[in-house]
Amino acid sequence: MSIDQFTITRPDDWHLHLRDGEMLAAVTGHSSANFERAIIMPNLVPPVVTTAQATAYRDRIMSCIPDGHRFEPLMTLYLTENTDIADLEAGAHSGVVSAVKLYPAGATTNSQSGVRNFDKVIPILERMAEIGLPLLVHGEVTDPEVDIFDREAVFIDRVLDPIRRKVPGLRVVMEHVTTTNGVDYVQSGGDTIAATITTHHLIINRNAYLAGGIRPHYYCLPVAKREEHRLVLRAAATSGRSRFFLGTDSAPHPNDAKEAACGCAGIYTSINSLNCLAQVFEDEDALDQLEAFASLNGPSFYGLPVNRGKVRFTKSAEPIAFPKQFAVQNDHVTVFDPGFPLHWRHQPVHDNEV
Ligand code: DOR
Ligand code: ZN
């Protein structure tokens with residue numbers, strides 16, 4: 001029997017790009033309308049590398065939250081070979097810093113200041129393991145000899161597994177996992193490793209950006225892979241298994257930066273992620289697992305309380321109209337088009353209705 005209504009704990013987004021300045025002002029309300037908390041990526045220009053910078057960035061985000069919305073940004077530091085351990089530890093103890101992000105230098109947008117020599121950061125990772133601060137990894141090697149479709153698998157072998165053997169207590173989130181290799185590695189990796197999965201990697205495979213013309217609004221990093229990988233991601237996300245949870249990796253770029261001879265990576269899903277996910281989970285006959293994926297597994301791994309608020313999803317006969325794009329910085333940001341109509345909407349459940 002198909003259902004047309006269900007209620008879950010208010011979701012969180014465990015991987016989000018909000019940017020800064022005008023873009024931050026334009027996009028924060030989309031996330032706060034849908035999510036209670038989000039892990040905020042630090043790849044600004046210049047990157048967020050100190051606790052003072054994370055505190056200031058958090059204040060700028062807070063000032064962009066629309067009236068009546070409730071939203072808690074969970075800040076991260078951008079790991080460099082020169083990260084100051086004492087500063088990082090102070091940030092973690094004060095509650096400002098929730099995690100540290102590792103970008104291999106050159107792997108993606110604004111990753112130039114990332115890590116080149118992984119041995120240099122081992123003392124930092126050892127301290128993080130001692131204090132229980134999670135490391136969030138962009139899991140792709142940057143070696144030009146390695147095919148872009150293999151970069152996640154090679155990262156696991158060459159970088160991630162050696163790091164985890166050297167620093168066994170380190171808690172790691174493989175961000176935006178895209179391959180069977182990644183899912184298998186997390187699945188067999190014990191209690192110290194988890195993975196986020198994006199909305200778009202559950203929906204598109206590599207045909208979306210390559211077949212029938214280059215479609216830059218489906219280009220992101222890690223790139224979407226073959227269909228067989230997408231199916232493994234869907235199985236993991238809808239399984240209810242506790243070490244897979246939602247991180248949208250929603251990453252706004254103005255259209256002129258995407259629709260270019262060298263277009264940048266990023267897909268914007270903050271507006272319609274939850275509507276898309278409800279459809280994906282319904283298609284997989286797994287609506288009863290959406291709460292685990294979007295609302296329960298993330299806080300469990302991060303050791304945070306589950307949100308108190310609830311949201312009710314209802315299915316309408318008419319599809320919901322989302323804007324195709326929205327204006328910002330004298331340009332527009334294109335919204336992710338899942339390629340199917342969206343019928344699930346959600347709204348907060350008020351305390352007196354629970
Ligand atoms: O597609 C992506 N966009 N992947 C990333 O790793 C970075 C992000 C961005 O910041 O635009
Ligand atoms: Zn990202």
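Summary of the structure given here. Just so it is clear, the structure is predicted and the values come from calculations on it, not from any experiment. (Residues numbered from 1 in each chain as written. Chains lettered and ligands numbered in written order. Predicted model: local features only at pLDDT ≥ 70, side-chain atom pairs only at ≥ 80, totals over all residues. Heavy atoms only, no water.)

### Remarks on the sheet that holds strand 1 (residues 5-9)
Test applied: Two strands are said to pair when DSSP picks up at least two bridges between them. Strands here are runs of E lasting at least two residues and helices are runs of H or I lasting at least four, both read from the DSSP assignment and numbered beginning at the N terminus. Structural elements are reduced to axes, namely lines fitted to C-alpha atoms, with helices fitted over the stretch in contact, and the angle between N-to-C directions of any two is expressed from 0 to 180 degrees.
Reading across the sheet, the three strands line up as 1-10-13 and stay open at both edges, with antiparallel pairing between neighbours. Single-partner strands in this sheet number two, and they are strand 1 and strand 13 (344-349). In this sheet, adjacent strand axes meet at a mean angle of 25 degrees when their direction is disregarded. Pairing of strand 1 with strand 10 (residues 310-315) involves five bridges; the strand directions are antiparallel. Within the sheet, the bridge partner assigned to Thr 7 lies in strand 10 and is Arg 312.

### Observations regarding the coordination of the zinc ion (ligand 2)
Heads up, the condition is: Donor atoms are limited to N, O and S found within 2.8 Å of the metal ion, a distance that becomes 3.2 Å for Na, K and Ca. With water left out, some sites might look partial. Under the scheme applied here, a residue whose accessible area is under 20% of the maximum for its type counts as buried, over 50% as exposed, and between as partly exposed, the area being computed with a 1.4 Å probe on protein chains only.
Donor atoms from the polypeptide that bind the zinc ion (ligand 2) are His 15 (NE2), His 17 (NE2) and Asp 249 (OD), placed at 2.0 to 2.1 Å. Taken in chain order, the donor set of the zinc ion (ligand 2) reads H-x1-H-x231-D. Of the two residues, His 15 sits in strand 2 (residues 13-16) while Asp 249 sits in the loop between strand 9 (244-246) and helix 9 (255-258), which places them 234 residues apart along the sequence. Judged on exposure class, the residue His 15 and its partner Asp 249 are both buried.

### Description of the side chain of Thr 83
Quick note on the threshold: We call two N or O atoms a polar contact when they sit within 3.5 Å, provided that within protein one can donate a hydrogen and the other can accept it, with sequence-adjacent residues counted only if both atoms are side-chain atoms. By definition, residues are in contact when any of their heavy atoms lie within 4.5 Å.
By secondary structure assignment, the location of Thr 83 is in the loop between strand 4 (72-78) and helix 3 (85-94). Residue class for Thr 83 comes out buried when judged on its relative accessible area of 11%. Of note is the side chain of Thr 83, whose polar atom sits 2.9 Å from the backbone nitrogen of Thr 80. When near neighbours in sequence (up to four residues on either side) are disregarded, Thr 83 contacts Tyr 78, Leu 88 and Ile 124.

### Some details on the site of ligand 1
Counted only if it meets this: By convention in this text, a residue qualifies as near a molecule or strand provided that one of its non-hydrogen atoms is within 4 Å of it. Accessibility throughout is a Shrake-Rupley quantity obtained with a 1.4 Å probe, and a residue counts as covered only by protein chains that appear here. Residues are grouped as follows: nonpolar covers Ala, Val, Leu, Ile, Met, Phe, Trp, Tyr, Cys and Pro; charged covers Asp, Glu, Lys and Arg; every other residue, Gly included, is treated as polar.
Around ligand 1 lies a shell of 13 residues, among which Arg 19, Asn 43, Thr 108, Leu 221 and His 253 are the nearest. Arg 19 is positioned such that a nitrogen or oxygen atom in its side chain is 2.7 Å from an oxygen atom of ligand 1. Separating an oxygen atom of ligand 1 from a side-chain N or O atom of Thr 108 is a distance of 3.0 Å. Taken by itself ligand 1 offers 290 Å² of open surface, and the protein chains cover 100% of this. Of the residues in the shell around ligand 1, the class split is four nonpolar, seven polar and two charged.

### Some points on the packing of helix 6 (residues 180-187) against helix 8 (residues 227-238)
Just so we agree on the cut-off: Should an angle fall under 35 degrees it is called roughly parallel, over 145 degrees roughly antiparallel, and 65 to 115 degrees roughly perpendicular, with every other angle called oblique.
Running from N to C, helix 6 and helix 8 point in directions that differ by 30 degrees, and their axes come no closer than 8 Å. Taken as axis vectors, helix 6 and helix 8 run roughly parallel relative to one another. Side by side, helix 6 and helix 8 meet where Thr 180, Asn 181 and Val 183 of the first sit next to Glu 228, His 229, Val 232, Leu 233 and Ala 236 of the second. Among the residues forming the contact of helix 6 with helix 8, the class breakdown is four nonpolar, three polar and one charged.

### Quick notes on the pattern of salt bridges
Going by this rule: What makes a salt bridge here is a side-chain nitrogen of Lys or Arg within 4 Å of a carboxyl oxygen of Asp or Glu, nothing more.
Tallied over the entire structure, the rule returns 13 salt bridges. Between Glu 89 and Arg 127 there is a salt bridge; the shortest N-O distance is 2.6 Å. With Glu 89 in helix 3 and Arg 127 in helix 4 (residues 122-131), the pair connects residues that are 38 residues apart, well separated along the chain. Judged by its relative accessible area of 25%, Arg 127 falls in the partly exposed class.

### Thoughts on the sheet that holds strand 2
The eight strands are arranged 2-3-4-5-6-7-8-9 in an open sheet whose pairing can be described as parallel. Two strands in the sheet have a free side with no partner beyond their single neighbour: strand 2 and strand 9. Across this sheet, the average inter-strand angle for adjacent strands is 30 degrees, counted without regard to direction.

### Notes on the packing of helix 5 (residues 151-166) against helix 6
Note the threshold: Note on convention: near helix rotated counterclockwise from far helix by under a right angle means a left-handed crossing. Clockwise means right-handed.
Where helix 5 meets helix 6, the axes come as close as 9 Å, and the angle between the chain directions of the two elements is 25 degrees. Looking at the two axes, helix 5 sits roughly parallel to helix 6. As for how helix 5 packs across helix 6, the hand of that crossing is right-handed. Residues Glu 152, Ala 153, Ile 156, Leu 160, Asp 161 and Arg 164 of helix 5 touch helix 6, and the partners they reach there are Asn 181, Gly 182 and Tyr 185. By residue class, the composition of the contact of helix 5 with helix 6 is four nonpolar, two polar and three charged.

### Considerations on the packing of aromatic side chains
Aromatic ring pairs are reported here in terms of the distance separating the ring centres and the angle at which the planes meet. Basically, it comes down to this: Each Phe, Tyr or Trp ring, with Trp reduced to its six-membered ring, pairs with another whose centre is within 6.5 Å; inter-plane angles below 30 degrees give stacked pairs, above 60 give edge-to-face pairs, and intermediate values give tilted ones. Counted as over-ring charges are cases with an Arg CZ or a Lys NZ within 6 Å of the ring centre that also lie within 35 degrees of the ring normal.
Under the definition given, this model contains 11 aromatic pairs. Measuring from ring centre to ring centre gives 4.7 Å for Trp 14 and Tyr 302, while their planes differ by 20 degrees; the resulting arrangement is stacked. Of this pair, Trp 14 sits in strand 2 while Tyr 302 is found in helix 11 (residues 290-302), placing the two residues 288 residues apart along the sequence. One aromatic cluster in this structure is built from Trp 14, Phe 245, Phe 301 and Tyr 302. Here the basic side chain of Arg 171 rests over the ring of Phe 301, its NZ or CZ set 4.2 Å away from the ring centre. One cation-aromatic arrangement involves Arg 206 over Phe 149; the distance from NZ or CZ to the ring centre is 4.8 Å.

Without other data, these values stay purely geometric and don't point to any function.
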